[in-house]
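Survey of secondary and tertiary structure
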Amino acid sequence: MTARRRLVRVPASSANLGPGYDVLAAALTLSLELEVVETGRFSVEAAGLDVPLDRSNLLVRAFERLHPADGIAFRIRSEIPLSAGLGSSAAAIVAGLLAADHLYELALDKEEVLAHAAAIEGHPDNVAAALLGGFVICSEDGEGVRATRLDPPQGVEAVIVVPRSEQVATEDARAAVPAQVAHADAVANVAAAAELVLGIERSDLTLIERGLADRLHQPHRAPLYPRSIELVSAAGELGALGATISGAGPTVLVWSFWQSTGKVVEAVREWAGEWAEVTRVPFSAMGADVPEL
């Protein structure tokens, strides 16, 4: 009897995108890959990743939200840095849910998968981008979680700058954001978020550049990663459209017009030196995928 198996690929993601705190996110072309196989024995293999190899593993916990993992072998490979603000936990959650859904033919629709994923993650932005790809606008109310998807803007690329020796716990980053903000800061972020979404929809570089400004979370998190905040401020001088802290940080997402990206990468590498790894990583139109085996 042939053992059932499924393969799931899920992209990395960058949340907030400047002014869209807990609302906006984008998928990136780094990925996590999960293979699940019915072997008759539970096991977790993680290809050198520093993650639990038991049922406390986030992938397994997501899988078991839908079906027990008894007798299942989990084989994990990932290009997504851990605890860097690139949606590693969101990718794991989505991968675990989709693996259970497809292995046991549960036939969940994307709205149901998103609801489960957001409940595990605690907020919908990263999981929505990981599931749907492209750019997402998320909202929640008494009726549940919603995500609206936009295609990546034409001509705009991403460069990720990942500090080599810094990690920031999501809990610490969230604790740094005050419960109340000044009216002027809230108004400024509403305006910037509107310009950014419109710029993405229209592929309008001027609107995107203006829309990357934030006054709600990045200034308050500056003490957690001062060098990252310096790069956000310096990005325009380095030839980029701008830059944003990726999720909880400390990774910086540098936004670039595609014809300038090569020069931007060179300039950012010179600026960063040994502090960070700089990689050209396009935005991904593709979300999570379960290819036929």
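Anything mentioned here points back to the structure above.
A short tour of the structure in this document, coming up. (Residues numbered from 1 in each chain as written. Predicted model: local features only at pLDDT ≥ 70, side-chain atom pairs only at ≥ 80, totals over all residues. Heavy atoms only, no water.)

1. A look at the overall build of the chain
Short version of the rule: Strands here mean DSSP runs of E at least two residues long; helices mean DSSP runs of H or I at least four residues long; both are numbered from the N terminus. Working definition: with a 1.4 Å probe on protein chains only, accessible area under 20% of the residue-type maximum means buried, over 50% means exposed, and in between means partly exposed. Surface exposure here means Shrake-Rupley accessible area, sampled with a 1.4 Å probe, where a residue is shielded only by the protein chains that are shown. Lys and Arg are tallied as positive, Asp and Glu as negative. Neither His nor the chain termini are counted. Just so you know, the charge point we use is NZ for Lys, CZ for Arg, CG for Asp and CD for Glu.
In terms of helices and strands, the chain carries 10 helices and 10 strands. Along the first, second and third principal axes, the C-alpha atoms of the chain reach 60 × 45 × 35 Å. Counting every position in the chain, which comprises 293 residues, the buried fraction comes to 51%. When the accessible surface of the chain is summed, it comes to about 13100 Å², and 50% of that surface belongs to carbon and sulfur atoms. With 23 positive and 39 negative side-chain charges, the chain shows a separation of 3 Å between the mean positions of the two kinds.

2. Looking at the nonpolar core
Just so we agree on the cut-off: Nonpolar cores were defined as sets of buried Ala, Val, Leu, Ile, Met, Phe, Trp, Tyr and Cys residues, with membership established by side-chain atoms within 4.5 Å. Pairs of residues are marked as contacts when any of their non-hydrogen atoms sit within 4.5 Å.
Leu28, Leu32, Leu34, Phe63, Phe74, Trp255 and Phe283 are the most contacted members of the largest nonpolar core, which has 67 residues in total. The dominant element in this core, judged by the number of residues it contributes, is helix 2 (residues 88–103), at 11 residues. Apart from the residues within four sequence positions on either side, phenylalanine 283 is in contact with Ala26, Ala27, Leu28, Thr29, Phe135, Pro152, Val156, Glu157, Ala158, Leu253 and Trp255.

3. A word on helix 2
Formally: Working rule for helices: expected span equals 1.5 Å times residues minus one.
In this model helix 2 runs 22 Å from its N-terminal to its C-terminal C-alpha over 16 residues, within 8% of the 22 Å that 1.5 Å per residue would give. Of all 16 residues in helix 2, 14 are buried; the element is thus mostly enclosed. Count one or two residues on from helix 2 and you reach glutamate 105, which has phi positive near 50 degrees.

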